[in-house]
Each structure stands twice: as C-alpha cells, then as structure tokens.
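This is what each chain is made of:
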Amino acid sequence: MTHAKKSTILKSLESFQEQDLNTKGGNVWAYVYDSGIREAEEVAMEAYKMYADHNGLDFTVFPSLLKLENQIIGKVAPLFSEEAEEIAGSFTSGGTESIMLAVKAARDYARENYPEITKPEIILPSTAHAAFHKAAHYLDITPIIVPVDDEFKVQASSIEKHITKNTIIIVGSSVSYSHGVCDPIEDLGKVAQKHNVWLHVDACIGGFILAYYRKNGREVPAFDFTVPGVTSLSVDIHKYGFAPKGASVVLYRNKSFRKHQFYTCTNWTGYPVVNTTIQSTKSGGPLAACWATMTYFGSEGYKKIIDEIYDTKQKMLEQFSNIEDVYILGNPEASLITFGSKTIDLYQLADDMRGDGWYVQLQPGDETFEPSIHLTLTPVSKNIVDEFFIQLRTSIQRVKENPRQSVIEQFGPMLQQLGEMEGNMEPEIMQNLLQAAGVKENGQLPEEMATINELLHLLPSELTSEAFLHITNELFTTE
Ligand SMILES: Cc1ncc(COP(=O)(O)O)c(C=O)c1O
C-alpha cells in the first residue's frame, strides 16, 4: 500500500499551525487554559490516545466509558453540593452542549408537567452566554432578555418581573463570561422557588474557580446547589479543570430532572439509540483525558494552582489601578478581568497588541454596553504579568499617537443606506461595505480588525448577523 509519510504529514500540520497564536505560555488571554504543568498534559494526551477510538455511543459495549463518566461526575458533584449523592449529571463536549442539554431538559420537563405551555420562554440576563440563545433557537423557546445593573449583575426583581405563565426556565451566571461577575444566585433561587420555575446556574467558566476559592477559605457568594431553588448547573472541565478540549459536565439536583435530558429512539430499523447527550457516536478520548487530568491534579493540585490565579488577579488589578487610561468593569470575582476606556480606542488596542503576539479579546459592546477588553487569567499568567503591562502601556501609547480614521467618516453614507433598508437588505451593498472594510472576496478577514469590528458593531444586530453569515459562508470552502 502506498501512503503518505508520517513525517511529511506531521510537518504539514506543524506548518499550518504557524498561522495560529501560541496556546502555551499565557500570551493568548482567552480560549486557552494552560495549566503550565507539562506532565499533566502528557498524561492527558496518553489517556486520549488510549480511548480515541472507543465509542461512547454504546456504554454496554464500552463499559469502561460508563465507569470513567460516573467517576468524573462523582468528583465534580461534591464541589457544588453538600448533598452530592443526590446530584445526577452527564459528561458533555463543552459548555454549549451542557447548556443546550439543561435547556432541553427544562423544556421536556415542562412538556410533561405543564402541558398547557405551548410557547415556552427562557428568561436570560443580558450577560448570559450566547449558548442560551443558541439553545433557545435550536429548541424553539422564546428568549426574554433582561438588563443587568451597573455592576453587570442581573437583579432578581428584574427577572421576576418577566416571569409569565410561559416561563419554563430562568438563568444566572456564576460567573458571566463578559464581565466575570456572579449574578445573585440566592435571590434568583428564591424567585425560582416562589414561582416554581427551573433555575439553571451557568458555572461553565467560574465553577472550578469559585469552588476552589471556597475550599481555600476565600469568600465567595453562594453560587451553586447550596442555594435552594437551583435545578441545574453547567461547569466546564476544559476551562479551569485544565482538561483537553471537549470536557464539560451538566448537573441536576436529582435524577428526576436529568431524565428529561436523554433521548432514545427505537423506532427505526437499526440498533436502539439511547443517547445521554447530543452526539451519538462520540470519541472516548476527551472523557479519558478529562478523567486523567482530574486524577492528576486531585483536589490539592487544583487548590494550589487556582489559588495562584487568585494572587495573579490581585496583582493585576493593582497594576491596572496605576494606568490612567483604563478602568475595570465590575468586580472580577473569579479569574476574568474586563476593562474599558474613555480615552483609548480599544478596537485598535486589541489589534496593536495582536501585532506583537498578544491576544486580548475585544468585546465590541452594543447600545447598552460600552466596548471592553476581556482577559482570561490562567496559572501561567503569573509568569508574564510584568511583560503584559509593559506591552499594554506600549500599545496604549502607540494607539494614542496614531489614531485611525473614524468609521463614521469612512462609511457613514453606506451605513445609512443599510440602516434604511431594514429587512430588505440588498446583498451587494453588504458585500461592498465588507470589502471596503478590508474583507477579501473569499471572506478572509484583514489583519487589522479594528475597522471591521467597529463597523459590525455599528450595524443593527440583524445586519451584523447577516454579515457574519456571509463572511463565514465564504470562508468555509473546499480548499
Ligand atoms: C459562562 C460561559 N458559559 C458557557 C460557555 C460556552 O462554553 P463552550 O465554549 O465550551 O461551549 C462559556 C465559554 O466561555 C462561558 O464562559
């Protein structure tokens, strides 16, 4: 048999990766979670390899997968409940899947218990992760969006005001991705109990951090099943559990709620399908790697590295307080820092830092939120705090000295034209606008993203979505 050479294949992949930012070392302040412990990664990768071709579709054929999953749930549940034996859960591929499953469970629970609800609604703080919007979209549930206060937290009274006879689920974050703050879960729990409605806590990004801060004796708000009224909770182990990607858990107060998450199909000609999660065939790799990572760190390992993140956060907040041009938004309660500025063009700042190999995440903002920059702190951040602030100051200086042309000046008439078209947008106008902003015909984005980012932010949100769909449809090709 002729086949490509292993070395050539791997070299190709290495050369493709040169386009990407480095996932190790901490310069990328979002998306990646480097524990800095290389042995932990090695163990995880070995475990991944051992299980890559095991199929989680059928736990009767691969019972060891069932065992691994049960043990993971057994380790995660006590982090969030004093009555962990009652808690039931599932291992999923990520935060979005955990959230979609919890929302599906709430919907199907409502279908069984409140059949009179035909147009179900989900109440979301404006800071709730996009995954809830996606769940609502996929599951045909109407999202009701509730504004947050000046500290970026939703008030339980605002949620309560929107509860109707169609409400099937309300949501709070511990903590929110955009501003890193906890919603008042205790108050939300009271509202949930009063109205007998499902409360989901999104602890995807904050769960491990808050649980281990608490174990380390630090003060954290009540944010989990310790609060009466919380029905389900999502927590990602591929974030601050430092497992390779594809690792999250969704938990329920007890099995009677989880049951509504599952899906079975016996109504076809093949094998009986019994799916606990969205995927049917699924690799055992992420599960085994997650189990290996959690076993490697153990409670003591997590306590240590998560406490280091706390120290880094404090140190960074102090350094931020010495920079006049920026200020922190909200009170960073876990491991995320978000800053704003009245004097600096943050769109340009993000580009400038990227040019020097640092990825900080621009949050473009909307009518109610000012643009901001999000930083996800990880254990390796501690090694680069000083470098980061040198870079930040340099970039701030450069941005101040080289202001870019205003987007309104550049594209005002086109924007107005688009605005006037409302629902009847002509695709060529959108294409012209995107091209004028530097998007190539094949959808490829320009290196400097400030202008396109701001432009997208200025468009009405349906047009922004339209633009993203257009760009994405061009980018994914056969090459
Ligand atoms: C609070 C929160 N919820 C949900 C998600 C979605 O998780 P994933 O990207 O793993 O699907 C994230 C991701 O950052 C998050 O921070």
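Since the structure is predicted, the reported quantities are computational estimates derived from the model, not experimental observations. Per chain, residues are indexed from 1 in the order of the written sequence. Predicted model: local features are reported for residues with pLDDT of at least 70 only, side-chain atom pairs are reported and counted for 80 or more only, and whole-chain, interface and lining totals are derived from all residues.

Caption draft 1: Spatial organisation of the overall build of the protein chain. The secondary structure content of the protein chain amounts to 16 helices and 13 strands. Each radius of gyration reported is based on C-alpha atoms, and the globular scaling rule is 2.2 Å times the count of residues to the power 0.38. Taken over the C-alpha trace, the protein chain has a radius of gyration of 23 Å; the compact-globule value for 479 residues is 23 Å, and the two agree within 12%. In terms of overall dimensions, the protein chain has C-alpha extents of about 60 × 60 × 55 Å along its principal axes. Sequence-distant contacts, at least 24 apart, represent 71% of the contacts inside the protein chain between residues at least 6 apart. Counting from the N terminus, the helices are DSSP H or I runs at least four residues long and the strands are E runs at least two residues long. Contacts are defined on C-beta atoms placed from the backbone: any two residues whose C-beta positions lie within 7 Å are in contact.

Caption draft 2: The site of the ligand, seen in detail. Should the C-beta atom of a residue, placed from the backbone, lie within 6 Å of a molecule or strand, that residue is near it. The environment of the ligand is made up of 13 residues, and the closest members are Gly94, Gly95, Thr96, Tyr177 and Ile205. In this classification, Asp, Glu, Lys and Arg are treated as charged, Ala, Val, Leu, Ile, Met, Phe, Trp, Tyr, Cys and Pro as nonpolar, and every other residue, Gly included, as polar. A per-class count over the shell around the ligand returns 5 nonpolar, 6 polar and 2 charged.

Caption draft 3: Layout of the environment of glutamine 314. For glutamine 314, the position within the fold is in helix H10 (residues 285-321). The burial criterion counts other C-beta atoms lying within 10 Å of a residue's C-beta, which is placed from the backbone; the residue is buried at 20 or more, exposed at 12 or fewer, and partly exposed between these limits. Residue classification places glutamine 314 among the exposed positions, given that 11 C-beta atoms sit within 10 Å. In this structure, the C-alpha to C-alpha distance between glutamine 314 and proline 332, residues 18 residues apart in sequence, is 9.6 Å.

Caption draft 4: Summary view of the environment of histidine 374. Take histidine 374: it is sitting in strand E13 (residues 372-376). By C-beta crowding, histidine 374 is classed as buried, having 20 other C-beta atoms within 10 Å. Expressed as a C-alpha distance, the spacing of histidine 374 and glycine 340, which sit 34 residues apart in the sequence, is 9.2 Å.

Caption draft 5: Representation of the confidence of the model for the protein chain within the structure. Note on scores: pLDDT gives the predictor's confidence for each residue, bounded by 0 and 100. Mean pLDDT over the protein chain: 95, with 99% of residues reaching 70 or higher. No element of the protein chain has a lower mean pLDDT than helix H13 (residues 407-421), at 78, and none a higher one than strand E5 (residues 198-202), at 99.

Caption draft 6: Structural detail: helix H12 (residues 385-401). Take the number of residues in a helix, subtract one, and multiply by 1.5 Å to get its expected span. In this model H12 runs 24 Å from its N-terminal to its C-terminal C-alpha over 17 residues, within 8% of the 24 Å that 1.5 Å per residue would give. Taken together, the buried positions of H12 are occupied by Phe388, Leu392, Ser395, Ile396 and Val399. Taken end-on, H12 shows its buried residues confined to a sector of 105°, consistent with a single buried face. Among the exposed residues of H12, those oriented more than 90 degrees off its buried face are Asp386, Glu387, Ile390 and Glu401. Buried residues along H12 sit against helix H11 (346-355). Taken from the helix axis, the directions to the C-beta atoms give the arc we talk about.

Caption draft 7: The arrangement of unusual backbone geometry in detail. In this model, serine 174 is joined to valine 175 through a cis peptide bond whose omega is 10°. Here valine 175 is to be found in the loop between strand E4 (167-173) and helix H7 (185-195). Phi is positive for aspartate 140, which is not a glycine, with a value near 60°. Look at phenylalanine 242: it is not a glycine, yet its phi comes out positive at around 60°. With respect to the helices and strands, phenylalanine 242 occurs in the loop between strand E6 (232-236) and strand E7 (248-252).

Caption draft 8: Here's a closer look at the domain arrangement of the protein chain. For the domains described, the bounds stem from an automatic or database domain assignment. Per the domain assignment, the segments making up the protein chain are domain 1 (47-293), domain 2 (300-401) and domain 3 (411-471). For domain 1 versus domain 2, the distance between C-alpha centres works out to 28 Å. Facing 20 residues of domain 1, the contacting portion of domain 2 comprises 19 residues. Class assignment for the residues of the side of domain 1 that touches domain 2 results in 11 nonpolar, 6 polar and 3 charged.

Caption draft 9: Geometry of the nonpolar core. The term nonpolar core refers to a group of buried residues, namely Ala, Val, Leu, Ile, Met, Phe, Trp, Tyr and Cys, whose C-beta atoms join them within 7 Å. Ranked by size, the top nonpolar core spans 117 residues in total, and within it Val103, Ile122, Phe132 and Ile170 carry the most contacts. With 13 residues, H10 is the largest single contributor of residues to this core. Among the domains, domain 1 (47-293) and domain 2 (300-401) are the pair contributing at least three residues each to this core. With residues up to four places along the chain from it excluded, the contact list for isoleucine 170 reads Ile123, Ile159, Leu188, Val191, Ala192, Val197 and Leu199.

Caption draft 10: Focus on the pairing of strand E1 (residues 88-92). Buried residues dominate E1, accounting for 4 of its 5 residues. Judged from the 5 bridges that link them, E1 and E7 form a sheet pairing that is antiparallel. Counted as the bridge partner of alanine 88 is tyrosine 252 from E7. Two strands form a pair only when DSSP identifies at least two bridges running between them.

Caption draft 11: Region of interest: the sheet that holds strand E12 (residues 361-363). If you trace the 4 strands from one edge of the open sheet to the other, you get E10-E11-E13-E12, paired in antiparallel fashion. At either end of the open sheet lies a strand with only one pairing partner, and these are strand E10 (326-328) and E12. Averaged over all adjacent pairs, the angle separating strand axes in this sheet is 35°, with direction ignored. Bridge count between E10 and strand E11 (residues 336-341): 3 bridges; the pairing is antiparallel. Convention adopted: a line fitted to C-alpha atoms gives each axis, helices being fitted over their contacting stretch, and angles between N-to-C directions are expressed from 0 to 180 degrees.

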